[in-house]
Amino acid sequence: MKNRRAIVWIACTLVGALVTLGLASCGGGGVPLASSGGGVGTGGTGISFGTVTGFGSIVVDGTPYSSATPNYFAGNDQDESAPTAAPTVELGDQLTVQLDAQGNPTTVVIDPELIGAVANLAASSFMVNGVRVRINTDPKVATVTYYAGLSGFSGLSNGMQVEVHGAFGIDASGQGYVQATLIRQLPSANPVTRVTGIVSSFNSAAGTFQIGGTTIQMSASMAVSPGSMSIANGELVNVWSNTSTMLSGVINAGVIHIRTLQGVSGAVQIGGLIAQLQGTSLTVSGIAVDASNPGLASTVPSLSQGEYVVVQGMADATTGIVKATSIRAYAAQPAKVELTGTITGFVSASNFLVRGVPVDASQAQFSSGASVASLANGVYVAIVGDGINSNVVTALTVTVLPNPPEGGTVNYQGIVGNLAVTGNVTSFALTHQDDGVTTTSSVVLAPNVAFANGTVAQLVNGATIELEATNSAGGLTAYSVSFQNGSSNDSGSSGSSTLETKGIVYAYNNGASFVVNGLTIQTNNVQPSGGSLADGVQVDVKFVQTGNSNLAQAISIDH
């Protein structure tokens, strides 16, 4: 069972280097990024890593980056960093973003801290692979914990397989922990293990070391990234394995990444928790930061251990230290959840999707004469939320635009027609619902397009797809295409009796019902296509509402 949806990736060339602090491409061996020049996201080559706080572009700790230009990577059960599609990125994910000389992302790596079984579940924390996970419910101090495929913290249970994204910290006793930004339920058959922590008790002869109470077993065939470094006590590492779940407290490592910026130069943005604070020296997410810049003289005294901050500065390739030019305390400027794009999966004003994120706008303030009645599939909106209520973004403000802006990101589901391939250019017409009106848009596939739930061979006239694309006067440029397996030609517009939603199954009830995005779906004797229903699987559901019941009409398992 894949942890993230499997895809087929089409691109002119693979961007050569994935940064060493993230994941190496396709089996290990990350190459350091050599760079110099301007600021992160404003020109010049650079690296940004932190928490996804919004979409429209991809927003990382409040800084927006284009979602259209990069190649995307995420782990699955065969590779710790395999090519994937843009919609795989979720709110609360930890990302590593590599930027080119113009400030455009070239590579985005989805970078979870932990994957494994929940253990020692307590009032506001639990363990995964021997590492403590803490949750945060206060949007004034840090990004709150978001849940995918769960009703919230109360939906967790010991033994449940989860993927945890978050900021790594060190507590007063010197023990590492992860402050979760996203907890995602996985299928129970998940074979993948990840663990992040500080190396201790390293035994080179035996090829072992400890992370907390967990033993990591290395082998001669295992990849260590960066290749210029070796394992040593005190290093922060991320370990990936797909050999089996942890047995007897031992993880057989497949790939080990040492968290470092040695060999990396250029502009850096880091979001994470402060640790090892001593004067003007500190670490953030395991990266050493020099905060001695005179411009920070009034900022540094107010910093505290365990506080979430966003650091900008320049990396020193020799030492791996970031020389900070700016440190923003999250508590001083809390980041809002920002969602900009087209509505999909519209069920009601309290249940719809923007870029795959569930939204409740029933109590939001609308601008320019719009109201909840303005919301429908295909409507382009800009939403600001003040944090997350369990697994739904509660919108504070909603702006409804009459049309997507030039360069705006859109998501449409529809039917392929007039497919044409001319040289290296593939184009087609997409017939879709836009605010209840059937519309046809011209589509061209981008060079970095990725296909989910199928291959390019399935892109034929009559295929039902969902695409993510940039909008222009000339049409849409699609960089992600997902095949809607088992879907009917009904796109689930707000004017139709058939509704649609997609997300992760939870509260599965022995074939009778399940919950997705807060909606209890009665299976209605419908047999799913593409696999079997279970907690933690990704589904696309078409349903009708009869009284207080949501009756499934079609169920498709996404892969």
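Computed from a predicted structure; not experimentally measured.

Engineer: Whenever I open this one, the overall build of the protein confuses me. Can you help?
Structural biologist: Helix and strand counts for the protein come out as zero helices and 44 strands. Residue burial in the protein is summarised as follows: out of 559 residues, 57% are buried. In the protein, the share of contacts with a sequence separation of at least 24, taken over all contacts with a separation of at least 6, comes to 65%. On the protein, roughly 20000 Å² of surface is accessible, and the fraction owed to carbon and sulfur atoms is 50%.

Engineer: Teacher, can you tell me more about the sheet that holds strand 17 (residues 208-211) here?
Structural biologist: The strands that make up a sheet are held in pairs by hydrogen bonds between backbone atoms, and each pair lies either parallel or antiparallel. Here four strands make up an open sheet; going across it, the order is 16-17-18-21 and the pairing mixed. A strand with exactly one partner marks an edge of an open sheet, and here the two such strands are strand 16 (200-203) and strand 21 (250-252). Between one strand axis and the next, the sheet turns through 25° on average, direction left out of account. As judged from the three bridges shared by strand 18 (residues 214-217) and strand 21, these two strands associate in the parallel manner. Paired with Ile 216 across the strands is Ile 251, a residue of strand 21.

Engineer: Mind showing me how you'd approach the pattern of salt bridges here?
Structural biologist: Oppositely charged side chains can form a pair if their charged atoms are brought close together. Applying the stated rule across the entire model yields seven salt bridges. Residues Glu 113 and Arg 259 are paired through a salt bridge, measuring 3.7 Å at the closest nitrogen-oxygen approach. Residue Glu 113 is found in the loop between strand 8 (105-110) and strand 9 (114-119), and its partner Arg 259 is found in the loop between strand 22 (255-258) and strand 23 (266-278); the two are separated by 146 residues along the sequence. Each member of the pair, Glu 113 together with Arg 259, is buried. Between Glu 500 and Lys 542 there is a salt bridge, and its shortest N-O distance comes to 3.0 Å. Taken as a pair, Glu 500 in strand 39 (residues 499-504) and Lys 542 in strand 43 (residues 538-546) lie far apart in primary sequence, 42 residues in all. Both residues of the pair, Glu 500 and Lys 542, count as buried.

Engineer: Explain the pairing of strand 17 to me, please; I cannot follow it from the model alone.
Structural biologist: One face of the sheet, then the other: side chains in a regular strand alternate in exactly this way. Burial along strand 17 is two-sided: Thr 208 and Gln 210 and Phe 209 and Ile 211, pointing in opposite directions, are all buried. Bridging between strand 16 and strand 17 involves two bridges; their strand directions are antiparallel. Bridging across to strand 17, Asn 203 finds its partner in Thr 208. Of the strand pairs in this sheet, strand 17 and strand 18 are connected by four bridges, and their pairing is antiparallel. Looking at the pairing, Gln 210 lines up with Thr 215 of strand 18. Between strand 17 and strand 18, which pair antiparallel in sequence order, lie two residues; one of them, Gly 212, sits at a positive phi of approximately 60°.

Engineer: Please explain the sheet that holds strand 43 as it appears in this structure.
Structural biologist: In spatial order, the strands read 39-43-44-42-41-40; together these six strands make up an open sheet with mixed pairing. Here the strands that pair on one side only, and so sit at the sheet edges, are strand 39 and strand 40 (506-509). Going from strand to strand, the sheet's axes swing by 35° on average, the running direction of each strand aside. Pairing analysis gives six bridges linking strand 39 to strand 43, with the strands arranged antiparallel. From the neighbouring strand, Ile 504 faces strand 43, where its bridge partner is Gln 538.

Engineer: When you look at the confidence of the model for the protein in this model, what are you seeing that I'm missing?
Structural biologist: The predicted coordinates should not be examined in detail at positions where pLDDT is low. Predicted confidence across the protein gives a mean pLDDT of 88, with 89% of residues reaching 70 or more. Every residue in residues 5-44 scores below 50 in pLDDT, and together they form 148 contacts with partners more than four places removed in sequence or on other chains. Here residues 487-495 scores under 50 on pLDDT; set against residues more than four positions off or in separate chains, the count is 26 contacts.

Engineer: Before we go on, may I ask you to explain the environment of Val 178 in this structure?
Structural biologist: In this fold, Val 178 is placed in strand 14 (residues 176-185). Each C-alpha atom of the pair Val 178 and Phe 168 lies 4.6 Å from the other, and the pair is 10 residues apart in sequence. Beyond its immediate chain neighbours, meaning those up to four positions away, Val 178 contacts Glu 113, Leu 114, Val 131, Arg 132, Val 133, Arg 134, Val 164, Gly 166, Ala 167 and Phe 168.

Engineer: Sorry, what's going on with the pairing of strand 23 here?
Structural biologist: The buried fraction of strand 23 is high, at 10 of 13 residues. Pairing analysis gives four bridges linking strand 2 (residues 46-55) to strand 23, with the strands arranged parallel. Within the sheet, the bridge partner assigned to Ile 47 lies in strand 23 and is Val 268. Here three bridges tie strand 23 to strand 24 (residues 281-284), and the two strands are oriented antiparallel to one another. Its bridge partner being in strand 24, Gln 278 is matched across the sheet by Ser 281. Counting the residues that bridge the hairpin from strand 23 to strand 24 gives two residues, and of these Gly 279 lies at a positive phi of roughly 65°.

Rules of the game
Residues numbered from 1 in each chain as written. Predicted model: local features only at pLDDT ≥ 70, side-chain atom pairs only at ≥ 80, totals over all residues. Heavy atoms only, no water. Helix = DSSP H or I, 4+ residues; strand = E, 2+ residues; numbered from the N terminus. Buried < 20%, exposed > 50% of the residue type's maximum accessible area, 1.4 Å probe, protein only. Contact = heavy atoms within 4.5 Å. Areas by Shrake-Rupley, 256 points an atom, 1.4 Å probe, with all protein chains shown as cover. Pairing = 2+ DSSP bridges. Axes fitted to C-alpha atoms, helices over the stretch in contact; angles between N-to-C directions. Salt bridge = Lys/Arg side-chain N within 4 Å of Asp/Glu carboxyl O. pLDDT = per-residue confidence, 0-100.

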